[in-house]
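A structural walkthrough
Next come the chains, spelled out residue by residue.
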Amino acid sequence: SDLTGTLVYNQKTGSFDTKKGPIFSNIILADEINRAPAKVQSALLEAMQEKQVTIGEETFPLDSPFLVLATQNPVEQEGTYPLPEAQVDRFMLKVIVSYPAEAEEREIVKKYMNRDNISVRPVLKKSQLEKLRGLVDQVYIDERVMEYIVSLVFATREPERAKIEKTLIAYGASPRASLYLAQAAKANALLQGRGFVLPEDIRMIGMDVLRHRVIPSYEAEAEGMTSETLVERVFNNVEVP
């Protein structure tokens with residue numbers, strides 16, 4: 001209820017009024033999402049997949065655009081709840097944020113010391129963002145490039161296609177991986193000023209799309225392999241059109 005909202009009893013009318021929670025926003029930041037219990041993650045899962053929220057007997061559609069950003073702390077794991085694979089699969093990208101560079105950290109410290117003078121400047125209007133999303137849909141993707149996408153994803157399910165021992169991958173990528181590789185590649189092409197997708201677009205965003213969808217086996221972990229290692233081998237060994 002802290003996330004989605006709840007029903008509040010109105011003594012004057014004798015009825016229950018709906019009080020919507022913070023999920024009814026365009027951008028949701030779930031900081032250290034693995035600290036949320038399973039019930040909260042289940043509510044978030046409905047919002048991410050169905051773009052709607054059910055409170056009591058009513059279902060409310062979420063505004064567009066609706067975007068969920070979530071963080072996980074890789075260091076301290078006590079008191080956390082591992083995210084189900086089905087929920088992790090709903091996230092289009094998994095981006096690894098490493099330590100900042102020296103110049104970046106100096107800028108962080110400088111801004112923190114003068115945080116009262118920081119102003120927020122709008123970059124896009126909501127209508128402009130929706131227009132850009134429409135442009136992404138118009139970016140051309142050739143049949144051979146789509147075949148390349150599917151070949152990459154199938155190589156995570158059938159590792160021998162990428163000259164990887166079958167025992168090293170416990171679970172390959174889901175069909176969402178193919179959909180998101182295509183969508184992210186089209187968005188990347190648009191950001192590069194092109195109206196068509198190249199294989200380089202797929203390679204550029206491929207690791208972020210696949211790293212949380214390829215699950216290494218115990219044998220792979222015993223050999224010091226990570227999901228990134230396996231995805232890299234898939235990209236190196238699957239023929240580029």
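Scroll up a little and you will see the structure.
My aim in this report is to walk through the structure given alongside it, one point at a time.

This part is about the side chain of asparagine 188. Tracing the backbone shows asparagine 188 in helix 6 (residues 175-191). Looking at asparagine 188, the relative accessible area reads 9%, which means it is buried. Looking at asparagine 188, its side chain comes within polar contact range of the side chain of aspartate 201, at 2.8 Å. Setting aside anything within four residues of it in sequence, one finds asparagine 188 in contact with Asp201, Met204 and Ile205.

This structure, assessed with the given rule, holds 2 aromatic pairs. Ring centres of phenylalanine 24 and phenylalanine 60 lie 6.2 Å apart, and the angle between their planes is 85°; on these two criteria the pair is classed as edge-to-face. Here the residue phenylalanine 24 occupies a position in the loop between strand 2 (15-20) and strand 3 (27-30), and phenylalanine 60 occupies one in strand 5 (residues 58-61), the gap between them amounting to 36 residues. One Lys or Arg, arginine 115, reaches over the ring of tyrosine 112 and ends 4.3 Å from the middle of that ring. Cation over ring: arginine 194 sits above phenylalanine 196, and NZ or CZ is 5.7 Å from the ring centre.

Below, the discussion takes up the pattern of salt bridges. Here the structure, examined in full by the defined rule, presents 10 salt bridges. With a closest N to O distance of 2.8 Å, aspartate 208 and arginine 211 form a salt bridge. What makes arginine 211 buried here is its relative accessible area of 11%. Three or more residues joined by partner-sharing salt bridges are found here, namely Asp89, Arg176 and Arg213.

Let us now look at the pairing of strand 3. With burial as the criterion, only one face of strand 3 is covered, namely that bearing Ile28 and Ala30; the residues Ile27 and Leu29 on the opposite face remain uncovered. One ladder, built from 4 bridges, connects strand 3 with strand 6 (residues 67-70); its direction is parallel. Bridging across to strand 6, isoleucine 28 finds its partner in valine 68.

Glancing now at a nonpolar patch on the surface. On the surface, Val123, Leu124, Leu129, Leu132 and Leu135 cluster together into a nonpolar patch covering about 420 Å² of accessible area. If you trace the backbone, valine 123 turns up in the loop between helix 3 (102-113) and helix 4 (126-138). Take valine 123: its relative accessible area is 70%, and that puts it in the exposed class.

Viewed as axis vectors pointing N to C, helix 5 (residues 143-157) and helix 7 (residues 199-210) meet at an angle of 30°, and their least axial separation amounts to 10 Å. One finds that helix 5 runs roughly parallel with respect to helix 7. Handedness of the crossing formed by helix 5 with helix 7: right-handed. Here Val145, Tyr148, Ile149 and Leu152 of helix 5 come into contact with helix 7, specifically with Pro199, Ile202 and Arg203. Looking at side-chain class alone, the contact of helix 5 with helix 7 contains 6 nonpolar, no polar and 1 charged residues.

The next subject is the pairing of strand 4 (residues 52-55). Here strand 4 shows a clear split, with Val53 and Ile55 buried on one side and none of Gln52 and Thr54 buried on the other. Pairing between strand 4 and strand 5: 4 bridges, direction antiparallel. Following the sheet pairing, glutamine 52 is matched in strand 5 by proline 61. The turn joining strand 4 and strand 5, which pair antiparallel and follow one another in sequence, is formed by 2 residues; a positive phi near 65° is taken by glycine 56.

So, about helix 9 (residues 227-237). Listed in full, the buried residues belonging to helix 9 are Ser227, Leu230, Val231, Val234 and Phe235. Buried positions in helix 9, seen along its axis, are confined to an arc of 140° and lie on one side of it. Buried residues belonging to helix 9 abut helix 5, strand 7 (169-171), helix 7 and strand 8 (215-216).

Turning to the environment of leucine 67, a few remarks are in order. Within the secondary structure, leucine 67 is located in strand 6. For leucine 67, a relative accessible area of 42% gives the class partly exposed. For the pair leucine 67 and asparagine 188, spaced 121 residues apart in sequence, the C-alpha separation works out to 18 Å.

What counts, and where the lines are drawn
Residues numbered from 1 in each chain as written. Predicted model: local features only at pLDDT ≥ 70, side-chain atom pairs only at ≥ 80, totals over all residues. Heavy atoms only, no water. Helix = DSSP H or I, 4+ residues; strand = E, 2+ residues; numbered from the N terminus. Buried < 20%, exposed > 50% of the residue type's maximum accessible area, 1.4 Å probe, protein only. Polar contact = N/O pair within 3.5 Å; in protein donor to acceptor, adjacent residues only side chain to side chain. Contact = heavy atoms within 4.5 Å. Phe/Tyr/Trp six-rings, centres within 6.5 Å; stacked < 30°, edge-to-face > 60°. Lys NZ or Arg CZ within 6 Å of the ring centre and 35° of its normal. Salt bridge = Lys/Arg side-chain N within 4 Å of Asp/Glu carboxyl O. Pairing = 2+ DSSP bridges. Patch = residues over 30% accessible without salt bridge, like charges linked within 9 Å, V, L, I, M, F, W, Y side chains within 5 Å. Areas by Shrake-Rupley, 256 points an atom, 1.4 Å probe, with all protein chains shown as cover. Axes fitted to C-alpha atoms, helices over the stretch in contact; angles between N-to-C directions. Parallel < 35°, antiparallel > 145°, perpendicular 65-115°, else oblique. Left-handed = near helix turned anticlockwise from the far one by under 90°. Nonpolar A, V, L, I, M, F, W, Y, C, P; charged D, E, K, R; others polar. Arc of directions from axis to C-beta.

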